[in-house]
Amino acid sequence: MSFSVAVAGCTGYAGGEVLRLLAGHPNVSIGAVTAHSTVGVALGQVQPHLASLADRMVVDTTPETLAGHDVVFLALPHGASAELASQLSPETLIVDCGADFRLSSEQDWLKFYGIPHAGTWPYGLPELPGQRHVLAKAKRIAVPGCYPTAATLALAPAIAGGLTDAHDTVVVAASGTSGAGKAAKPHLLGSEVMGSVSAYGVAGVHRHVPEIMQNMRVLGAPDPHLSFTPLLVPMPRGILATCTVPLDSSVTEAVVREQYEAFYADELFVHLLPVGQWPTTAAVLGSNCVQIQVGIDQAAGRLVAVAAIDNLTKGTAGGAIQSMNIALGLEETAGLTRNGVAP
């Protein structure tokens, strides 16, 4: 069985990654590739790495160009998906790579995004307990943010297993520049980024804060508190998230390890590393896999969980296609790889 797929926002980093993965998917055919400012341009001129799609012409992003497809991926700026999605058929599977439908709290949405809340769609993180059942046969999917994907997967076994109440959670996560999108920005110029690491969205103002906390509550944390500090580092893609939460002094390394091994035993896209080996962003480049390692800081009485993902693959496009596969009843791994690119 083959499904026709359209990608809106095909010229951005997220849209380009969606197309890269779809081009190798055994169960889809790529239909319309759409954007706004590059209408009439060959895709190969704006996404030169997509050799198999280089001759495809970019068409305008309208309900008409997206109509008639089985699946539509929306790789659009935050706030741009809701109106377009409302004009598409309820029978079309829409996978939104933006933030429009991630948050369940209207209050949080208004606080962090400042525009009307469009609603909430099924959340595209299959590794959350029970989430595959929610995604099966779904017609609308909200893809998680990249930082929430890394932080949630790092902490999920500890929270769901009752090892911590997440009341004092600290996440420091370093990300490559592609997380800021493809639009030209002075602070992302090579001469500004190379040889420098900087913090941004500091002191609880980053838009992924409420999403991470929402996931912690879903996992069973009754009253989570989060201090989140994102860092911009001089690399194109990847996230390394270092997450710490308080642990009772009676919890041992063996108990933590057993909980993580059991929680992720059947997850093909989660790689719990051998004891003593810690995640690296280079190892997951181009992969839909997350690397995780855990340990206990005995002096501080805290669990330390480190996760590495490719922000454009598992953090966006790969997670989107993984969720699409579930919704369509396909093999969850179709079109995806656990292997990274090295060196």
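For the structure, check the block above.
These notes cover the structure that comes with them.

Conventions used here
Residues numbered from 1 in each chain as written. Predicted model: local features only at pLDDT ≥ 70, side-chain atom pairs only at ≥ 80, totals over all residues. Heavy atoms only, no water. Axes fitted to C-alpha atoms, helices over the stretch in contact; angles between N-to-C directions. Helix = DSSP H or I, 4+ residues; strand = E, 2+ residues; numbered from the N terminus. Parallel < 35°, antiparallel > 145°, perpendicular 65-115°, else oblique. Left-handed = near helix turned anticlockwise from the far one by under 90°. Contact = heavy atoms within 4.5 Å. Nonpolar A, V, L, I, M, F, W, Y, C, P; charged D, E, K, R; others polar. Phe/Tyr/Trp six-rings, centres within 6.5 Å; stacked < 30°, edge-to-face > 60°. Buried < 20%, exposed > 50% of the residue type's maximum accessible area, 1.4 Å probe, protein only. Pairing = 2+ DSSP bridges. Disulfide = S-S within 2.5 Å. Core = buried A, V, L, I, M, F, W, Y, C linked by side-chain atoms within 4.5 Å. 1 Å grid on protein atoms, 1.4 Å probe; cavity = no way out; pocket = protein on both sides within 12 Å on 5 of 7 lines; lining within 4 Å. Points joined across faces, edges and corners; volume = space filled by probe spheres on them.

**Section: the packing of helix H1 (residues 13-22) against helix H11 (residues 313-328)**
And then number 1: Put simply, H1 and H11 touch, their axes get as near as 9 Å, and they point 50 degrees apart. Between H1 and H11, the crossing angle belongs to the class labelled oblique. Seen along the crossing, H1 lies across H11 with a hand that is right-handed. The residues of H11 that touch H1, namely those facing Ala-14, Glu-17, Val-18, Arg-20, Leu-21 and Leu-22, are Thr-313, Thr-316, Ala-317, Gly-318 and Ile-321.
And then number 2: Here the residues of the contact of H1 with H11 are counted per class, giving 6 nonpolar, 3 polar and 2 charged.

**As for the packing of aromatic side chains**
And then number 1: Applying the stated rule across the entire model yields 4 aromatic pairs.
And then number 2: With 3.7 Å between their ring centres and 5 degrees between their planes, Phe-101 and Trp-121 make a pair best called stacked. With a gap of 20 residues between them, Phe-101 in the loop between strand S5 (93-96) and helix H5 (106-113) and Trp-121 in the loop between H5 and helix H6 (131-135) connect regions that are remote in the sequence.
And then number 3: Residue class for Phe-101 comes out buried when judged on its relative accessible area of 4%.
And then number 4: The class for Trp-121 is buried, based on a relative accessible area of 13%.
And then number 5: Pairing Phe-263 with Tyr-264 gives two aromatic rings, centres 5.0 Å apart and planes at 90 degrees, and the pair type is edge-to-face.
And then number 6: What makes Tyr-264 buried here is its relative accessible area of 5%.

**Considerations on unusual backbone geometry**
And then number 1: Between Ala-342 and the following residue, Pro-343, the backbone shows a cis peptide bond with an omega angle of 0 degrees.
And then number 2: By the element assignment, Pro-343 lies in the segment after H11.
And then number 3: Here the phi dihedral of Lys-137 falls at roughly 70 degrees; this positive angle occurs in a residue that is not glycine.
And then number 4: Look at Lys-137 and you get exposed, because its relative accessible area is 68%.

**Points about the sheet that holds strand S11 (residues 270-272)**
And then number 1: Spatially, 7 strands are ordered S8-S9-S7-S10-S13-S12-S11 in an open sheet, and the strand pairing comes out mixed. The open sheet is flanked by strand S8 (198-199) and S11, the only strands paired with a single partner.
And then number 2: In this sheet, strand S13 (residues 302-309) lies alongside strand S10 (residues 239-246) in antiparallel orientation, the contact comprising 8 bridges. Residue pairing across strands places Ile-239 opposite Ile-309, the latter belonging to S13.

**Brief notes about the sheet that holds strand S4 (residues 71-74)**
And then number 1: Strands sit in the order S3-S2-S1-S4-S5-S6 across an open sheet of 6 strands; the sheet is parallel. A strand with exactly one partner marks an edge of an open sheet, and here the two such strands are strand S3 (59-60) and strand S6 (140-142).
And then number 2: Pairing geometry for S4 and S5, over 4 bridges, is parallel. Following the sheet pairing, Phe-73 is matched in S5 by Val-95.
And then number 3: Seen against the sheet, H1 touches strand S1 (3-8), strand S2 (28-35) and S4 and runs at an angle of roughly 160 degrees to S1.

**A word on the state of the cysteines**
And then number 1: Considering all chains together, one arrives at 0 disulfides under this definition.
And then number 2: Its sulfur unpaired, Cys-146 is 12 Å from the next cysteine sulfur, which belongs to Cys-97.
And then number 3: Judged by relative accessible area, which is 12%, Cys-146 ranks as buried.

**Describing the nonpolar core**
And then number 1: Counting residues in each nonpolar core, the largest one holds 49 residues, and the members touching the most others are Met-216, Leu-226, Ile-239, Val-256, Tyr-260, Ile-292 and Leu-303.
And then number 2: Contacts of Met-216, omitting those with residues within four sequence positions, involve Ile-159, Ala-166, Thr-169, Ala-221, Pro-224 and Leu-226.
And then number 3: Within the second largest apolar cluster, 35 residues are counted, among which are Leu-53, Leu-93, Val-95 and Leu-336.

**Quick word on the layout of surface pockets**
And then number 1: One number sums up the size of the largest pocket: a volume of about 1,300 Å³.
And then number 2: Surrounding the largest pocket, 48 residues form its lining, Pro-77, His-78, Gly-179, Ala-180 and Gly-181 being those nearest its centre.
And then number 3: Of all the elements in the fold, those that place two or more residues in the lining of the largest pocket are H1, helix H4 (81-85), helix H7 (146-160), S8 and H11.
And then number 4: Tallying contributions element by element places H1 first for the lining of the largest pocket, with 3 residues.
And then number 5: Taken together, the residues of the lining of the largest pocket sort by class into 19 nonpolar, 24 polar and 5 charged.
And then number 6: In terms of lining, the second largest pocket is formed by 16 residues, of which the most central are Tyr-13, Thr-177, Leu-188, Leu-189 and Gly-190.

Everything listed here is a matter of coordinates, which is why it stays silent on function.
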